[in-house]
Amino acid sequence: GDSVTQTEGPVTVSESESLIINCTYSATSIAYPNLFWYVRYPGEGLQLLLKVITAGQKGSSRGFEATYNKETTSFHLQKASVQESDSAVYYCALGDMNYNQGKLIFGQGTKLSIKP
Amino acid sequence: AQTIHQWPVAEIKAVGSPLSLGCTIKGKSSPNLYWYWQATGGTLQQLFYSITVGQVESVVQLNLSASRPKDDQFILSTEKLLLSHSGFYLCAWSLQGAYAEQFFGPGTRLTVL
């Protein structure tokens, strides 16, 4: 079936250190998968961080990057230098954006804490 | 600007009691609407989607139902709650069309005792 697996949290990183949150997907019933990273900051709603709809492309936002790798079925989230404000829960999601349904399959979420 | 409002913010209900959760989107006409559910410690699962008033499609069977009585309103309900219904419910909207980004509401925390 279709599924997403990401780094199990919680993850703690020191400020200014680099970060990688792993995400791998299985898209057996989706012909053209789209990939997303969503984020929930403390006290806020879920919001889109970045998305990539074409294999081989990279998305970036707020210093975060993720590359859609079809060969390894991965979409890892990376940041070179984290800040305290990056503390949040991060969700990788697989999408089948056909016209009607807008299907999104989420990973289990990774809680990230940044040590000052 | 578009806003999405969910009510109530939190609810504590007894097993076997009815439930109604609501979602309203302002500032956008004819959006696609979605209900998601996350059990404690679980993943977000899409439950229902709707592309127009009066039409709702079920994605996952959880003994819940959904309705879209108005263009900007989406209701999630059941006549009899189960313990397994506890969790976090999120409403989302998107523009119609492929690759449309989904925008999520603040959510409702439901505890069934």
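Computed from a prediction, not measured in an experiment: that's the story for all the values here.

Q: Before we move on, can you summarise the sheet that holds strand β8 (residues 64-67) of chain A with the specific residues and values?
A: All names here are of chain A. Spatially, β3-β9-β8-β7 is the arrangement adopted by the four strands of the open sheet, whose pairing is antiparallel. Because the sheet does not close on itself, it has two edges, and the strands there are β3 (19-21) and β7 (58-61). Ignoring which end each strand starts from, the neighbouring axes of this sheet average 20 degrees apart. Two strands pair when backbone bridges link them, and β8 and strand β9 (residues 77-79) are joined in this way by three bridges, in the antiparallel orientation. Within β9, the residue paired with E65 across the bridge is Q78.

Q: Before we move on, can you summarise the layout of surface pockets with the specific residues and values?
A: Of the volumes computed, that of the largest pocket is approximately 210 Å³. For the largest pocket, the full set of lining residues is A:R40, A:Y91, A:Q108, B:Q38, B:A39, B:T40, B:G41, B:G42, B:F88 and B:R109. Tallied by class, the residues present in the lining of the largest pocket amount to three nonpolar, five polar and two charged.

Q: How would you explain unusual backbone geometry if you had to name every residue and give the values?
A: Of note, the amide linkage connecting A:G9 to A:P10 takes the cis form, showing an omega dihedral of 0 degrees. Within the element layout of this structure, A:P10 appears in the loop between β1 (3-6) and β2 (11-14). The peptide bond linking B:W7 to B:P8 adopts the cis configuration, its omega dihedral lying at -10 degrees. By the element assignment, B:P8 lies in the loop between β1 (3-7) and β2 (10-13).

Q: Which residues make up the state of the cysteines, and what values do they have?
A: Within the structure shown, the criterion is met by two disulfides over all chains. Through a disulfide, A:C23 is tied to A:C92; the S-S separation comes to 1.9 Å. Linking A:C23 and A:C92, the disulfide has an S-S dihedral of approximately -65 degrees and is accordingly described as left-handed. Here the residue A:C23 occupies a position in strand β4 (residues 23-26), and A:C92 occupies one in strand β10 (residues 88-96), the gap between them amounting to 69 residues. Each member of the pair A:C23 and A:C92 is classed as buried. Each sulfur in the disulfide pair B:C23 and B:C91 lies 1.9 Å from the other. Judged by the torsion about the S-S bond (-75 degrees), the B:C23/B:C91 disulfide is left-handed. Of the two residues, B:C23 sits in strand β3 (residues 19-26) while B:C91 sits in strand β9 (residues 87-94), which places them 68 residues apart along the sequence. Per residue, the accessibility class of B:C23 equals that of B:C91, and both read buried.

Each value, and the rule that gives it
All residue numbers refer to positions counted from 1 along the written sequence of the respective chain. As they are written, the chains are lettered A onward and the ligands numbered 1 onward, keeping that order. Totals for whole chains, interfaces and linings use all residues, but because this is a predicted model, local features are given only for residues with pLDDT of at least 70 and pairs of side-chain atoms are given and counted only at 80 or more. The side-chain quantities take in all heavy atoms of the structure and omit both hydrogens and water. Here, a strand pair is defined by DSSP locating no fewer than two bridges between the strands. Strands here are runs of E lasting at least two residues and helices are runs of H or I lasting at least four, both read from the DSSP assignment and numbered beginning at the N terminus. Axis lines are fitted to C-alpha atoms, over the contacting stretch for helices. Their N-to-C directions set the angle, which ranges from 0 to 180 degrees. Only protein atoms enter the calculation, which uses a 1 Å grid: trapped sets of points that fit a 1.4 Å probe without letting it out are cavities, open sets showing protein on both sides within 12 Å along at least five of seven lines are pockets, and any residue with an atom within 4 Å of a point is a lining residue. Grid points are joined across faces, edges and corners, and a volume is the space filled by probe spheres set on the points. Here the nonpolar group is Ala, Val, Leu, Ile, Met, Phe, Trp, Tyr, Cys and Pro; Asp, Glu, Lys and Arg are the charged ones; every other residue, Gly included, is treated as polar. Pairs of cysteine sulfur atoms within 2.5 Å are what we label disulfides. When a residue's accessible area, from a 1.4 Å probe over protein chains only, is under 20% of the maximum for its type it is buried; when over 50% it is exposed; and in between it is partly exposed.

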